[in-house]
Amino acid sequence: MAEKEVKLFGNWASTYTLRVEWALKLKGIEYEYVNEDIPFNKSEELLRLNPVTKKIPVLVHNGKPLAESLVIIEYIDDTWTKGYSIMPKDPYDRAQARFWAKFADDKCMSAMYSVSTSSGEAQQKMLQEAREAFQILEQALGSKKFFGGDQIGYLDLAITLLAFWIPILEEIVSVSMVDNENAPLLKEWFTRILDVDMIKTSLPPRDKMYELSKQRREQFFSGQI
Amino acid sequence: MAETAKLLGTKGSPYSHRAEVALRLKEANFEFLHEDLAHKSDMLLRYNPIHKKIPVLVHGEKSIVESLIVVEYVDEAFDGYAILPSDPYERAMARFWARYIDEKVIPAFWMSCWTDGEMQKGFIAQAKETLTTLEGQLKGKKFFGGDSIGFVDLAAGMVAFWFGILQEVAGINLLNEEDYPVLCRWADDYCSIEPVKESLLDRKLLVAHFASKKEKIFATKAPVYD
């Protein structure tokens, strides 16, 4: 019934797309994947489906399009109610999960970006802010195995992209954003989450991402992007 | 939970407004604790140590922060009025548009007010585009939520009441009946809803407030919502 009518527009290098793919996989939903050549060669279909932000990922279910990865994940959980539970059930826990996902996107991602696109003293300042942000983020994990508890949940899906990107950027920029000093538990979670089968087998090749990140950083510093 | 909830906020803040209207729609038992943002209370710092911002909803011993997250929590934790739609797709669309308001509509309008020269022209162009897009979502409906106000209407509360005030203080004329007849009609209807009316400050007071902070805002671009 509903399963064949699921289409996902994304990009191989987009960790936001991966968030949605993981949600679909956890629910066991079959979907058609369309790779978009972003940012300069978006398909007409994508632009028609998401004329507002023109971005991927876009999920189309029964002909109806949705954008924004975290919005899509909640939609998936709301719609396919049998099977794996992605969001917590309790309203307070849900509020907390949404809060931390927003914190990760607003503070941690932008801190990570700032560190990799600055240099000298400015970079040192950005690095300090980033380290503090990750230290705070660790509060959401505590001593749990995953952010979702014993099993991965919404917040794990939201934050895994940090586990993937941070080590790569740390290597390129030669800094330490998450380590045993500021966030030991988070660091352990990085290793644990990247070892989860579904995640391990779906992440883009590290060396490809490394090269892409290096390239983008160079483009940034030379004013191309 | 029969316990009285506490909402830490200010009447001048459109974000606090969202949370307050949500609680009023649910006819929830709550106490509004007015924060002096220049001298933040111990309670605020205890319940929102990370961002130290309002609104903060304290329910039992738990605190919830970030206005749209508070609204969703209120919708889920309290019975009564349905703020978000029950259909999953409509719910997702409501969340999408609330985000759009926060990430595109508000910043473009805000920066249009407090910049000048070429920068301002750029922001005004963006603001016009986002307002047009937002207006398009009303598509023949009375409110974004349909016949009654919902999540997106609350998210757009700033557009309904604050935008007119800000542009008056800033001396620009972006949101007007000629260019945005549908959005302006919606704004009037929204502000007439009882729970919304109860939460809004007298317009003159808010104009005076922003006028007095004009220079500071122009310099820092940071909002001052006391």
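Residues numbered from 1 in each chain as written. Chains lettered and ligands numbered in written order. Predicted model: local features only at pLDDT ≥ 70, side-chain atom pairs only at ≥ 80, totals over all residues. Heavy atoms only, no water.

## A closer look at the overall build of chain A
At step 1: Along the backbone of chain A there are nine helices and four strands.
At step 2: Shown N-terminal to C-terminal, the secondary structure of chain A runs as helices and strands in the order β-α-β-α-β-β-α-α-α-α-α-α-α.
At step 3: Against the globule reference of 17 Å for 225 residues, chain A gives a C-alpha radius of gyration of 18 Å, in line with a compact fold.
At step 4: Sequence-distant contacts, at least 24 apart, represent 70% of the contacts inside chain A between residues at least 6 apart.
At step 5: Here chain A displays about 10,700 Å² of accessible surface, and carbon together with sulfur accounts for 50% of that area.
At step 6: If the 28 positive side-chain charges of chain A are averaged to one point and the 33 negative ones to another, these points end up 3 Å apart. (Helix = DSSP H or I, 4+ residues; strand = E, 2+ residues; numbered from the N terminus. Rg over C-alpha atoms; globule rule 2.2 N^0.38 Å. Contact = heavy atoms within 4.5 Å. Areas by Shrake-Rupley, 256 points an atom, 1.4 Å probe, with all protein chains shown as cover. Lys, Arg positive; Asp, Glu negative; His and termini not counted. Charge placed at Lys NZ, Arg CZ, Asp CG, Glu CD.)

## Focus on empty space enclosed by the protein
Vacant regions in the atomic arrangement are exposed by a probe of water-molecule size rolled over the atoms.
At step 1: Enumeration over the complete set of coordinates arrives at one cavity of 30 Å³ or more.
At step 2: Here the largest cavity defines a volume of roughly 50 Å³.
At step 3: Along the walls of the largest cavity sit Thr53(A), Glu68(A), Phe96(B), Arg99(B), Tyr100(B), Glu103(B) and Lys104(B), which together make up its complete lining.
At step 4: For the lining of the largest cavity, the per-class residue count stands at two nonpolar, one polar and four charged. (1 Å grid on protein atoms, 1.4 Å probe; cavity = no way out; pocket = protein on both sides within 12 Å on 5 of 7 lines; lining within 4 Å. Points joined across faces, edges and corners; volume = space filled by probe spheres on them. Nonpolar A, V, L, I, M, F, W, Y, C, P; charged D, E, K, R; others polar.)

## Details of the sheet that holds strand S2 (residues 32–35) of chain A
All names here are of chain A.
At step 1: The mixed open sheet is built from four strands, whose spatial order is S2-S1-S3-S4. A single partner strand is all that each edge strand has here, and the edge strands are S2 and strand S4 (64–67). In this sheet, neighbouring strand axes are inclined to one another by 20 degrees on average, regardless of whether the strands run parallel or antiparallel.
At step 2: In the sheet, strand S3 (residues 58–61) pairs with S4 via four bridges, with the strands oriented antiparallel. Among the inter-strand pairings, Val 60 is bridged to a residue of S4, identified as Pro 65.
At step 3: Sitting on the sheet, helix H1 (residues 15–27) touches strand S1 (6–10), S2 and S3, and the angle it makes with S1 is about 155 degrees.
At step 4: Where helix H3 (residues 69–79) meets the sheet, it contacts S3 and S4, and its direction lies at approximately 25 degrees from that of S3. (Pairing = 2+ DSSP bridges. Axes fitted to C-alpha atoms, helices over the stretch in contact; angles between N-to-C directions.)

## What to know about the UniProt feature "domain: GST N-terminal" (unreviewed entry) in chain B
At step 1: Feature annotation in UniProt assigns "domain: GST N-terminal" (unreviewed entry) to the following positions: residues 3–82 of chain B.
At step 2: Helix makes up 36% of residues 3–82 of chain B and strand 22%, and the two end C-alpha atoms of the span are 21 Å apart. (UniProt positions renumbered as here; feature names shortened; annotations may be inferred.)

## A closer look at helix H5 (residues 117–136) of chain B
Residues and elements named next belong to chain B.
At step 1: Counted at 1.5 Å a residue, the expected span for H5 with its 20 residues is 28 Å, and the 29 Å between its end C-alpha atoms agrees.
At step 2: Listed in full, the buried residues belonging to H5 are Gln 120, Phe 123, Ile 124, Ala 127, Thr 130, Leu 131, Leu 134 and Glu 135. Angular distribution of buried residues about the axis of H5 spans 140 degrees; they occupy a single face of the element. The exposed set on the far side of H5, more than 90 degrees from its buried face, consists of Glu 118, Lys 121 and Glu 129.
At step 3: On the buried face of H5, the contacting elements are helix H4 (88–113), helix H7 (157–170) and helix H8 (181–192). (Expected span 1.5 Å × (residues − 1). Buried < 20%, exposed > 50% of the residue type's maximum accessible area, 1.4 Å probe, protein only. Arc of directions from axis to C-beta.)

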